[in-house]
Amino acid sequence: MEIYNTVQTLQQRLYQLSRAGEKIGFVPTMGALHEGHLTLILDAMEENDTVVCSIFVNPTQFNDPNDLIKYPRPIEKDIQMLQSVGCQILFLPEVEEIYPKDLVEPEFDLNGLDLPMEGAKRPGHFKGVVRVVYRLLDIVKPDSLYLGQKDFQQYSIIAQMLRQMNSRIRLVRVPIVREIDGLAMSSRNVRLSENGRELAPILYKVLQELEYYVNSQPFPIPKNALALAQELFHKHGIENIDYFEIVDGNTLKELHSFEDSNFAVVCAVIIIDGVRLLDNVILFEK
Ligand code: AMP
């Protein structure tokens, strides 16, 4: 695997590849890779000639400085994992490469998609995400960009950014990769205690119950679905629910009736051992 630390050396290489007519797939990450990330890489490899993965723990998207400090950075293991699936290029920049002093950055109208859920709980987070993804896309100039459904709101916001840019980059939404017990894979899961790890799969179980309720009832109502979820969390001793919302998958606005939407998603964060566990399930997409 080729590893580049600077924009200049990476771009020299990418220029050669694009002159040779190669299709470039891009997978941005913050490292501490797991099978979820590798699935994005494998999907990108299937659809492109060359895959670029970036590992950059983006300081501008952390609203909690402690979270940034504690973010795992097992770079040697990450490199091995990328090599094991045959990823061709790793971009591993320092902060100064991504945010040089003279950088000019555009503003985007995110159409309110950055306001609910993660946006409300983590002020400034999506501003940082948009900054880094815009910058990375400007550097890599890929044909296709691969993002995980795991971060559904992030996916929606980047889709909106690409629309605003009139970008020709193809955006691919990759389904959530889970542990055997259903817990969505996440770099933060390693911070769970043994007990916390045992409790964590409840989140997906509740989301699945909700999916079942919505698709099996003749007239499901979002309010009742949320009450059901609340009851299930309570039964399992989970009280720290950061948010739990049923939203329209395009606008991210809360749904009061399932008839108002042809794309309903339930998005949730619960907190166990101080770790925010993020997950979602698409209830229906017509
Ligand atoms: P991160 O390193 O957490 O910023 O994630 C990098 C990319 O991997 C993002 O597009 C995430 O949505 C995606 N991702 C993270 N966890 C998973 C997972 N369990 N399944 C699928 N994609 C994931």
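What you see is a predicted model; the values in this text were computed from it and never measured.

With that settled, the discussion passes to the overall build of the protein. When helices and strands are counted, the protein shows 11 helices and nine strands. For 286 residues, the compact-globule estimate of 2.2 N^0.38 gives 19 Å, and the protein sits close to it at 19 Å. In terms of its C-alpha atoms, the protein occupies a principal-axis envelope of roughly 55 × 40 × 35 Å. Counting the 286 residues in the protein, one finds 53% classified as buried. In the protein, 73% of the contacts between residues at least 6 apart in sequence involve partners at least 24 apart.

With that settled, the discussion passes to the site of the ligand. Near the ligand there are 17 residues, and of these M30, G148, D151, V177 and M185 occur at the shortest range. One nitrogen or oxygen atom from the main chain of M30 is found 2.9 Å from an oxygen atom belonging to the ligand. Between the ligand and the protein, one listed contact pairs an oxygen atom with a side-chain N or O atom of H37 at 3.0 Å. Surface burial for the ligand is 92%, taken as the share of its 480 Å² of free accessible area covered by protein chains.

Before going further, it helps to examine the domain arrangement of the protein. According to the domain assignment, the protein consists of domain 1 (2–174) and domain 2 (187–285). Inter-centroid distance (C-alpha atoms) of domain 1 to domain 2 is 26 Å. The interface is formed by 22 residues belonging to domain 1 together with 20 residues belonging to domain 2. Both sides of the domain 1 and domain 2 interface together cover about 1,800 Å² of buried area, and 52% of this is carbon and sulfur. Measuring nitrogen to oxygen at the nearest pair gives 3.0 Å for the salt bridge that ties R173 to E285. Joining domain 1 to domain 2, the criterion identifies 10 residue pairs in polar contact (both at pLDDT 80 or more).

Pairing in this open sheet of six strands is parallel, and the strands run β1-β4-β3-β2-β5-β6 from one edge to the other. Both outer strands of the open sheet, β1 (2–4) and β6 (170–174), are each paired with one neighbouring strand and no more. For this sheet, the mean angle separating the axes of adjacent strands, direction not counted, is 25°. As paired strands, strand β3 (residues 50–55) and strand β4 (residues 89–91) are joined by three bridges and run parallel to one another.

Moving on, we get to the sheet that holds strand β7 (residues 241–248). With respect to topology, three strands assemble into an open sheet ordered β7-β8-β9, the strand pairing being antiparallel. Since the sheet does not close on itself, it has two edges, and those belong to β7 and β9 (275–285), each with one partner. In this sheet, adjacent strand axes meet at a mean angle of 10° when their direction is disregarded. Sheet topology note: the strand β8 (residues 263–272)/β9 ladder contains 10 bridges and is antiparallel. Bridge pairing in β9 places V266 opposite V281. On the sheet, helix α10 (residues 202–216) packs against β7, β8 and β9 and is oriented at approximately 20° with respect to β9. Where helix α11 (residues 222–235) meets the sheet, it contacts β7 and β8, and its direction lies at approximately 155° from that of β7.

What follows concerns the packing of helix α2 (residues 35–47) against helix α4 (residues 75–85). Where α2 meets α4, the axes come as close as 10 Å, and the angle between the chain directions of the two elements is 35°. In this structure, α2 crosses over α4, and the sense of that crossing is right-handed. Two secondary-structure elements touch here, α2 through L38, I41, L42 and M45 and α4 through M81, L82 and V85. Along the lines of polarity and charge, the residues of the contact of α2 with α4 split into seven nonpolar, no polar and no charged.

What counts, and at which threshold
Residues numbered from 1 in each chain as written. Predicted model: local features only at pLDDT ≥ 70, side-chain atom pairs only at ≥ 80, totals over all residues. Heavy atoms only, no water. Helix = DSSP H or I, 4+ residues; strand = E, 2+ residues; numbered from the N terminus. Rg over C-alpha atoms; globule rule 2.2 N^0.38 Å. Buried < 20%, exposed > 50% of the residue type's maximum accessible area, 1.4 Å probe, protein only. Contact = heavy atoms within 4.5 Å. Near = heavy atom within 4 Å. Polar contact = N/O pair within 3.5 Å; in protein donor to acceptor, adjacent residues only side chain to side chain. Areas by Shrake-Rupley, 256 points an atom, 1.4 Å probe, with all protein chains shown as cover. Domains from an automatic or database assignment. Buried area = accessible area lost by both parts, 1.4 Å probe. Salt bridge = Lys/Arg side-chain N within 4 Å of Asp/Glu carboxyl O. Pairing = 2+ DSSP bridges. Axes fitted to C-alpha atoms, helices over the stretch in contact; angles between N-to-C directions. Left-handed = near helix turned anticlockwise from the far one by under 90°. Nonpolar A, V, L, I, M, F, W, Y, C, P; charged D, E, K, R; others polar.

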